[in-house]
Amino acid sequence: MRTLVLWAVFALLLMVLPLIFDSVLGVSILNQMAIAIVFALSYNLLLGQGGMLSFGHAVYFGLGGFLAVHAMLLTETQTLAIPLVLIPLVGGLCGLVAALFIGSFSTGRAGTVFAMISLGVGELLAASSLILVSFFGGERGVSADRTFAPPFFGVDFAQDVQVYFLAAAWLFVSVLGMYLFTRTPAGRLANAVRDNPERAQFLGYSAQRVRFISFVVAGFFAGIAGGLFAVNYEILTAGNLNAASSGQVLLMAYIGGLGVFIGPIIGAVLLTLINSLFNHYTTLWMLYLGLVFVLTVMFLPRGLTGLLMMHRLPWQQGRLGLLIRPYTLTAIPGAVLVLSLIGLLEMSQRETGPFVYLGIPLAPGSAMSWLALLAVAVIAFVALRRTLPGLRAAWAEATAQSPRSLEKGDAT
Amino acid sequence: MSLLQLDNVSKSFGNSAILRNVHLRIEPGERHAIIGPNGAGKSTLFHLISGRQQVSAGRILFKGEAIHTLPPHEIARRGLARSFQVSSLFAQLSVFENLRCALLWPLGYGYSFWHLLSREKALNARTESLLDELGLWQRRDVPAGELAYAEQRALELGLAIASGAELILLDEPVAGMSATEARQALALIRRVTAGKTLVLVEHDMTVVFDIAERISVLVQGELIASDTPAAIRRNAHVQEAYLGVPAGDQHA
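Residue positions within a chain follow its written sequence, with the count starting from 1. For this description, chains carry letters from A and ligands carry numbers from 1, given in the order in which they are written. The model is predicted, so local features are restricted to residues of pLDDT at least 70 and side-chain atom pairs to those at 80 or more, both for listing and for counting; the totals for chains, interfaces and linings are taken over all residues.

A.B. asks: Can you lay out the overall build of chain B for me, pointing to particular residues and giving the numbers?
C.D. replies: Tallying secondary structure elements over chain B gives nine helices and 10 strands in all. Values of the radius of gyration come from C-alpha atoms, whereas the globule rule sets the reference at 2.2 Å times the count of residues to the power 0.38. Taken over the C-alpha trace, chain B has a radius of gyration of 19 Å; the compact-globule value for 252 residues is 18 Å, and the two agree within 12%. Viewed in the frame of its principal axes, chain B has a C-alpha envelope of about 65 × 40 × 35 Å. Every C-beta atom is placed from the backbone, and the number of other C-beta atoms within 10 Å of a residue's own sets its class: buried at 20 or more, exposed at 12 or fewer, partly exposed in between. Considering chain B as a whole, with its 252 residues, one finds that 43% of them fall into the buried category. Residue pairs qualify as contacts under a 7 Å threshold applied to their C-beta atoms, which are placed from the backbone. Long-range pairs, those at least 24 residues apart, make up 64% of the contacts in chain B with a sequence separation of at least 6. A run of DSSP states H or I qualifies as a helix once it reaches four residues; a run of E qualifies as a strand once it reaches two. Both are numbered from the N-terminal end.

As structure tokens, then:
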């Protein structure tokens, strides 16, 4: 019952969002988010649920996207009349077929072997995407016009917000589909094979077959995301199936958190948002993203959702209040430190004239700017070191095991 | 017809022979213990029977059919289950999920992605009765990786017996347990394997003589005796090879 309410809230949220963020930029970001969420969740079926580290998941996204664009082109030339609402399905089926083929030999082993094959297949496809011009369109890519498709109950999808509702519908179906998959025997066995492939075999299951099923399902949903991309942008290029694209989805899933179903959703929403908002302000965006990823791997192996989940125990024990003061005390110098470091990085990047950073004029040419910012960073660092022990002590107190908490625990 | 039959089974890694020409018959319903000093090849024997490793020579028949060429999951499906000396669990899954995974194949779910686990009443009821039987009811939602040692051993046993396999191989099921824990574990083993055929590797002789109806002695890769406990106790070769007492010195 509770889950039913959650799904209803999710559906309602999807319907209300474009009314709140009704600007051109708002709708455009929402569309990107919908695509990213489906893609990141499909990736988590591999890595989080199935223990398969893939460096080439964009292959299924890209192939699905390219076939979807071609399907749109066929409609444009009136060879076929595929309704636009079904284009993501075309992408999904293409991703599924590709995964059936590649998964048949790549899922024999998890770990390094799987990762290397995924990398190899990804590079192979990225290379051939520049060679096979008739399908991939070479450097320019392939573009189509979605408005040629037959109208869907009078909707011609000329406006982005119309595309949003198409994407939101597919997003809802895909999220539901992937959620339900994790609760079927095949989905649960994927977790078992992730944890201990050998034992799963002695329970009657071929580890390869279990991985293969997850792999194909992941390929299908990645293809749907690719199809949504085709509908939204009306163009696909080689960049959509290369290693950078595969890396992006890995970052989203990992930073969001692999352990919980909702983790990659949070990662996709956050990274899409930050990406589209900050892209205009800084050229160092990829550097910051890389730093965030490294810090996540080092300090938050279970991602942002893992960080949230860590607070369940203090919350259950009613000790969350203990953390408010130390959190605030640490957050202030922490934020100042991060912002001043970003300021320093930005200054080193912009060798030319002065610029305004957070309302403060900075001049890369003057020693004053450098020294002042450096001094702020050092002071913030010292302050942070002084506040951290207090936070640690408060955390230890808030998470101290009470007898009742021994009964806690939650899997997957 | 024997339930399990090993004919002339040998296993070697490179030049070193681990098992040499092992002949073994396990009859239906029998409780059979395999004993021997460390490094005698007991665990390797289990690995060969369960398909984890390939025989170098010889053949293994289960219910009259050759299984030594099959992968582990095919052997398991024919009704041969095993436990591990070092607990081999699904660490991140809850105790409940661990046991439910062990029931999926026997209850015919295969690789289904069209059943919702939470809706399968019979499956969940079976899982719960297993939890109860193993004494893990209180710990059902705890990840297997966080269990105490004795609990992990109980779950390990649970994964082996869940399928209702006809033949169960237990690899040192009570090793590392305190006397009390071992006694409880033995009672549990007796209870859950009633009516099944049981083969176990065990170091603790009190356990072996307590539970086994027949005992095979493995020394340096060779099976030197296979008989009733009383006969094994009297067997001079066994005493010499296994207990380190030269035959004939006993009465000196």
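Now that the structure has been shown, the text picks up again.
A.B. asks: Quick rundown of the sheet that holds strand β5 (residues 65-66) of chain B? Include the residues and the values.
C.D. replies: Residues and elements named next belong to chain B. Strands pair, by our definition, only if DSSP identifies at least two bridges between them. Judged by pairing direction, the sheet is antiparallel, and its four strands sit side by side in the order β2-β1-β4-β5 without closing on themselves. Each of the sheet's edge strands pairs with one partner strand only, and the pair in question is β2 (16-26) and β5. The sheet contact formed by strand β1 (residues 4-13) and β2 spans seven bridges and is antiparallel. For Leu4, the partnering residue across the bridge sits in β2 and is Ile26. As a rule, the C-alpha atoms of each element are fitted with a line to give its axis, helices using only the stretch in contact, and angles between N-to-C directions run from 0 to 180 degrees. Running at roughly 65° to β2, helix α1 (residues 42-50) makes contact with β1, β2 and β4 (57-62) of the sheet.

A.B. asks: Break down the domain arrangement of chain A for me, with residues and values.
C.D. replies: According to the domain assignment, chain A consists of domain 1 (2-301) and domain 2 (311-399). Where each domain begins and ends follows an automated or database-derived domain assignment. Averaged C-alpha coordinates put domain 1 of chain A and domain 2 of chain A at centres separated by 34 Å.

A.B. asks: Go over the sheet that holds strand β3 (residues 31-35) of chain B, please, and point to the residues and values.
C.D. replies: Residue and element names in this part refer to chain B. The mixed open sheet is built from six strands, whose spatial order is β6-β7-β8-β3-β9-β10. If you trace the sheet from one side to the other, it starts and ends with β6 (80-82) and β10 (222-227), each paired once. Taken pair by pair, the neighbouring strands of this sheet meet at an average axis angle of 15°, ignoring direction. Pairing between β3 and strand β8 (residues 197-201): four bridges, direction parallel.

A.B. asks: Give a description of the packing of helix α2 (residues 24-49) of chain A against helix α7 (residues 160-181) of chain A that names residues and reports values.
C.D. replies: Residue and element names in this part refer to chain A. Across the interface, α2 lies against α7 with an axial gap of 9 Å and an inter-helix angle of 20°. Compared by their axis directions, α2 and α7 come out roughly parallel. Between α2 and α7 the crossing geometry is left-handed. Along its contact with α2, which presents Val24, Val27, Ser28, Leu30, Asn31, Ala34, Ile35, Ile37, Val38, Leu41, Ser42 and Leu45, the element α7 presents Asp160, Val161, Val163, Tyr164, Ala167, Ala168, Leu171, Ser174, Val175 and Met178. Considering only residue class, the contact of α2 with α7 consists of 17 nonpolar, four polar and one charged. Roughly parallel means an angle under 35 degrees; roughly antiparallel, over 145; roughly perpendicular, 65 to 115; everything else is oblique. The crossing is said to be left-handed when, going from far helix to near helix, the turn is anticlockwise and less than a right angle, and right-handed when the turn is clockwise. Basically, the charged four are Asp, Glu, Lys and Arg, the nonpolar ten are Ala, Val, Leu, Ile, Met, Phe, Trp, Tyr, Cys and Pro, and anything else, Gly included, counts as polar.

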